[in-house]
Amino acid sequence: MKLDITAIILTYNEELHIRRCLENVCPMVKKVFVIDSPSTDNTVAICNEFDNVEVVVHKYPGNQAEQFNWTLDNVKIDTEWILRLDADEYLLPELVEELCNRVPSLPIDVAGIEFKRRHIFMGKWVKRGIYPVIMMRMFRRGKGRYDARLMDEHIALSEGHSIVFENDFCDHSLINVSDYCRKHINYAEREACEVLDEEFALSSHIDTSLTLGVQAQEKHKKKGTYNKLPLFWRSFAYFCYRYFVKGAFLDGKEGFLFAFLQGWWYRTLVDAKIYECKKACGDNPEAIKKYIAEHWGIKI
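Per chain, residue numbering runs from 1 following the sequence as it is written. The predicted nature of this model means local features are confined to residues of pLDDT at least 70 and side-chain atom pairs, given and counted, to a pLDDT of 80 or more, with totals for whole chains, interfaces and linings taken over all residues. Note that the side-chain values use all heavy atoms of the structure and ignore hydrogens as well as water.

Got a sec to walk through unusual backbone geometry? Specific residues and values, please.
The omega angle of the peptide bond from Ser37 to Pro38 is 5°, so this bond is cis rather than trans. On the secondary structure map, Pro38 appears in the loop between strand 2 (29-36) and helix 2 (43-47). The residue after Tyr131, namely Pro132, is reached through a cis peptide bond having omega -5°. Numbered from the N terminus, helices here are DSSP runs of H or I no shorter than four residues, and strands are runs of E no shorter than two. Residue position: Pro132 is located in the loop between strand 7 (124-125) and strand 8 (133-140). Its identity is not glycine, yet Met122 carries a phi of approximately 55°, on the positive side. Inspection of the secondary structure puts Met122 in the loop between strand 6 (110-121) and strand 7. Notably, Phe232 is not glycine yet its phi reads approximately 75°, a positive angle.

Below you can see the structure in the form of structure tokens.
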């Protein structure tokens, strides 16, 4: 049974993942829009094999939130619900069944649906450390969009409220560790921009009229507290919290690597970027904005 849902997937060179994602989601939704950046591999060719998939090419503006919101403003969507997925994600069968059973009868004041995300790292579900991450990934047409962040962006609602479904979707990247680290270098620059923006009020891009999901609100509050802690020490403390307190050590080598790379190493890299920028610019907001544009290619 196809639900009254349009799925939106943002892509750039995702031939490794896109077939798995489309085979998972196409049978249950009426339409899939793949917004391509554009890719130079076989991503588009694979998408064209599916009857209910339409590829729209739009140059990547520099962050996921802006690309997704552009899609909402420029692509004709006729369904009641919109589902947001990354190419390396898929819904577990239990979640598909829950969607089929619950979505058609949801009351009209429910405008968003939050799912539990499980991370599959190096082929293993890392059950401890940060699971479950609860994210709003479905919303009624016209009632949601991304908050305009460079990093750690979340779907937010303009009206109504959200509910949390019981079952999971998976973040399951197939890229190797080298590519994983290279990808996180870019993430670190955007994350550093967010931290510097918060400290020096470099922009006013957050729309306070939108309502985030409960866990997303809590996450932003916790990040605000984390960002007030001393550079470098905080990344070590975060790793210890995930690995020892939250029990990631019980997930073996994969648990260690995930906590180390995504926690300690990545968060240290963010701090290194912040330190590098402040060392060059001091506390001068205009100099910081210029540095970010010239060295990281990000305009604030």
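Break down the environment of Asp73 for me, with residues and values.
With respect to the helices, strands and loops of the structure, Asp73 is situated in helix 3 (residues 64-74). A polar contact of 3.1 Å, which involves the side chain of Asp73, links it to the side chain of Arg145. Two N or O atoms form a polar contact when they lie within 3.5 Å of each other; inside protein one atom must be a possible hydrogen donor and the other a possible acceptor, and for residues adjacent in sequence the pair counts only when both atoms belong to side chains.

Talk me through the packing of helix 5 (residues 177-200) against helix 8 (residues 252-281); I want residue IDs and the actual numbers.
The interhelical angle for the contact between helix 5 and helix 8, taken along N-to-C directions, is 50°, at an axis separation of 8 Å. On the basis of the axis angle, helix 5 is oblique to helix 8. At the point where helix 5 passes helix 8, the crossing takes the right-handed sense. Here an angle of 0 to 180 degrees is reported between the N-to-C directions of two axes, which are lines fitted to C-alpha atoms, with helices fitted over the stretch in contact. To sort the angles, those under 35 degrees are grouped as roughly parallel, those over 145 as roughly antiparallel, those from 65 to 115 as roughly perpendicular, and the leftovers as oblique. Crossing handedness: left-handed means the near helix sits turned counterclockwise from the far one by under a right angle, and right-handed means the same turn made clockwise.

Break down the pattern of salt bridges for me, with residues and values.
Should a side-chain nitrogen of Lys or Arg be within 4 Å of a carboxyl oxygen of Asp or Glu, the pair is scored as a salt bridge. Applying the stated criterion across every chain, the model contains 20 salt bridges. Across the pair Glu189 and Lys273 runs a salt bridge, and its minimum N-O distance is 3.3 Å. Linking Glu189 in helix 5 with Lys273 in helix 8, this pair joins segments that are 84 residues apart in sequence. Judged on exposure class, the residue Glu189 and its partner Lys273 are both buried. Taken together, the salt bridges that share partners define one network made up of Glu191, Lys223 and Arg267. The rule is simple: take the accessible area with a 1.4 Å probe, protein chains only, and divide by the maximum for that residue type; under 20% is buried, over 50% is exposed, in between is partly exposed.

Run through the nonpolar core, naming residues and quoting values.
Buried Ala, Val, Leu, Ile, Met, Phe, Trp, Tyr and Cys residues form a nonpolar core when they are joined through side-chain atoms within 4.5 Å. Leu22, Val32 and Leu99 are the most contacted members of the largest nonpolar core, which has 36 residues in total. Residues contacting Leu22, with those up to four places away along its chain left out, are Ile9, Pro27, Val32, Val34, Cys47, Phe50 and Val53. One finds Tyr187, Leu196, Phe200 and Leu269 within the second-largest nonpolar core, a separate group that totals 21 residues. Two residues form a contact once any of their heavy atoms are found within 4.5 Å.

Account for the packing of helix 5 against helix 9 (residues 285-296), with residues named and values stated.
At a minimum axis distance of 11 Å, the contact between helix 5 and helix 9 shows a crossing angle of 170°. The angle between the axes of helix 5 and helix 9 places the two elements in the roughly antiparallel class. Residues Glu189, Ala192, Cys193, Leu196 and Phe200 of helix 5 form the contact with helix 9, whose own contacting residues are Pro285, Ile288, Ile292 and Trp296. Lys, Arg, Asp and Glu make up the charged group, whereas Ala, Val, Leu, Ile, Met, Phe, Trp, Tyr, Cys and Pro make up the nonpolar group; the residues left over, Gly among them, are polar. Along the lines of polarity and charge, the residues of the contact of helix 5 with helix 9 split into eight nonpolar, no polar and one charged.

Got a sec to walk through the environment of Lys299? Specific residues and values, please.
Tracing the sequence through the fold places Lys299 in the segment after helix 9. Between the C-alpha atoms of Lys299 and Ser162, which are 137 residues apart in sequence, the distance is 32 Å.

Treat this as a map of the structure, not an account of what it does.
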